[in-house]
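Commentary on secondary and tertiary structure
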Amino acid sequence: MDAVEMIRERRSIRKYKDAMVNRETMEEIVELARWAPSWANTQIARYTLVDDPEVLERLTAEGVQGFAYNTRTLTNAHGVCVLSFVKGKSGRLDKYGDYDSSNAYFWEAFDAGIACQTFCLAAHAKGVGTCIFGVIDDAAIAGIVDLPDAESVAALIVYGYPEEEPKAPPRKGVEEISKYI
Ligand SMILES: Cc1cc2nc3c(=O)[nH]c(=O)nc-3n(C[C@H](O)[C@H](O)[C@H](O)COP(=O)(O)O)c2cc1C
């Protein structure tokens, strides 16, 4: 799969086959995701992979604010990644003195976002479907997976072997989203 195909053909998958993705494959996906760029190479993204059915059930019941759409997706999945990030590192350039970004929280989320898409593209390249969840209860999720205090939950990424081939939702035109000056 070349990069163009990988970018174009990745879709959010909400129906999964009744099969686990083995841990070796997920390790390969995390191995690829860690090549994502990050603020000053701080590499703050963390991947907590949940394949324990009981923990998955709890995340389904308590981690998505009862949002039916997400509950349905999680109910037919066998794996979910709790994507988190280590707080207080991105947005700072301590070794150069007074060069803190005015909005460190923004850069933390930015790093997590890049890591998130890299994870999803890597999974797609390995035949594993994903769906990013933003409608989540981050505090509940942190409690369920016992996240260290130093980290914050960024998103859930549901993963598994796709049971559907969704049509691509339309994209805005290049002329609508870009300009030259
Ligand atoms: C930050 C973010 C949050 C999202 N939250 C949800 C969600 O809570 N539930 C869901 O089913 N999809 C969610 N999505 C998936 C989007 O709906 C999806 O990426 C978009 O419709 C484009 O479709 P595609 O990913 O198949 O190209 C989210 C995507 C992003 C980037």
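Throughout what follows, the structure given in this document is the object of discussion.

Rules and cut-offs
- Residues numbered from 1 in each chain as written.
- Predicted model: local features only at pLDDT ≥ 70, side-chain atom pairs only at ≥ 80, totals over all residues.
- Heavy atoms only, no water.
- Helix = DSSP H or I, 4+ residues; strand = E, 2+ residues; numbered from the N terminus.
- Buried < 20%, exposed > 50% of the residue type's maximum accessible area, 1.4 Å probe, protein only.
- Polar contact = N/O pair within 3.5 Å; in protein donor to acceptor, adjacent residues only side chain to side chain.
- Contact = heavy atoms within 4.5 Å.
- Pairing = 2+ DSSP bridges.
- Axes fitted to C-alpha atoms, helices over the stretch in contact; angles between N-to-C directions.
- Parallel < 35°, antiparallel > 145°, perpendicular 65-115°, else oblique.
- Left-handed = near helix turned anticlockwise from the far one by under 90°.
- Nonpolar A, V, L, I, M, F, W, Y, C, P; charged D, E, K, R; others polar.
- Near = heavy atom within 4 Å.
- Areas by Shrake-Rupley, 256 points an atom, 1.4 Å probe, with all protein chains shown as cover.
- Core = buried A, V, L, I, M, F, W, Y, C linked by side-chain atoms within 4.5 Å.

**Observations regarding the side chain of Asn70**
Examined against the element boundaries, Asn70 turns out to sit in helix 4 (residues 68-75). The buried category is assigned to Asn70, whose relative accessible area is 5%. A distance of 3.2 Å separates a polar side-chain atom of Asn70 from the backbone oxygen of Val135. Once residues lying within four places of it in the same chain are set aside, the contact partners of Asn70 are Val64, Phe133 and Val135.

**Quick notes on the sheet that holds strand 3 (residues 129-133)**
The sheet built from four strands is open, its strands ordered 1-2-4-3 with antiparallel pairing. Both outer strands of the open sheet, strand 1 (45-50) and strand 3, are each paired with one neighbouring strand and no more. Averaged over all pairs of adjacent strands, the angle between strand axes in this sheet comes to 25 degrees, irrespective of strand direction. Taken strand by strand, helix 4 contacts strand 2 (79-86), strand 3 and strand 4 (151-160), and its axis lies near 150 degrees from that of strand 3.

**Observations concerning the packing of helix 2 (residues 23-33) against helix 5 (residues 104-125)**
Their axes nearest at 8 Å, the elements helix 2 and helix 5 cross at an angle of 135 degrees. In terms of orientation, helix 2 lies oblique with respect to helix 5. Considering only the axes of helix 2 and helix 5, their crossing is right-handed. Here Met26, Ile29, Val30, Leu32 and Ala33 of helix 2 come into contact with helix 5, specifically with Ala115, Thr118, Phe119, Ala122 and Ala123. Looking at the contact of helix 2 with helix 5 residue by residue, the classes come out as nine nonpolar, one polar and no charged.

**Some points on the site of the ligand**
Taken together, 13 residues surround the ligand, and among them Arg11, Ser12, Arg14, Asn70 and Arg171 come closest. Note that a nitrogen atom of the ligand is positioned 3.2 Å from one of the backbone N or O atoms of Ile132. In this structure, Val135 approaches the ligand through a main-chain N or O atom, which is 3.2 Å from an oxygen atom. Taken by itself the ligand offers 620 Å² of open surface, and the protein chains cover 64% of this. Where the shell around the ligand is concerned, the elements lending two or more residues are helix 4 and strand 3. If you tally residues by element for the shell around the ligand, the top one is strand 3, at three residues.

**A short note on the pairing of strand 4**
The buried fraction of strand 4 amounts to nine of the 10 residues, a majority that puts the element mostly inside the structure. In the sheet, strand 2 pairs with strand 4 via eight bridges, with the strands oriented antiparallel. Counted as the bridge partner of Phe85 is Ser152 from strand 4. Both strand 3 and strand 4 contribute to a ladder of five bridges, which runs antiparallel.

**Digging into the environment of Arg11**
Within the secondary structure, Arg11 is located in the loop between helix 1 (3-9) and helix 2. The class of Arg11 is buried, set by a relative accessible area of 14%. In this structure, the C-alpha to C-alpha distance between Arg11 and Pro166, residues 155 residues apart in sequence, is 6.9 Å. Ignoring anything within four residues of it in the chain, the contact list for Arg11 reads Thr130, Pro166, Lys167, Ala168, Pro169 and Arg171.

**Quick word on the nonpolar core**
With 20 residues, the main nonpolar core has Val80, Phe133 and Leu156 as its most contacted residues. By residue number, the principal contributor to this core is strand 4, which donates three residues. With 17 residues, the next largest nonpolar core counts Met26, Leu83, Ala115 and Tyr159 among its residues.

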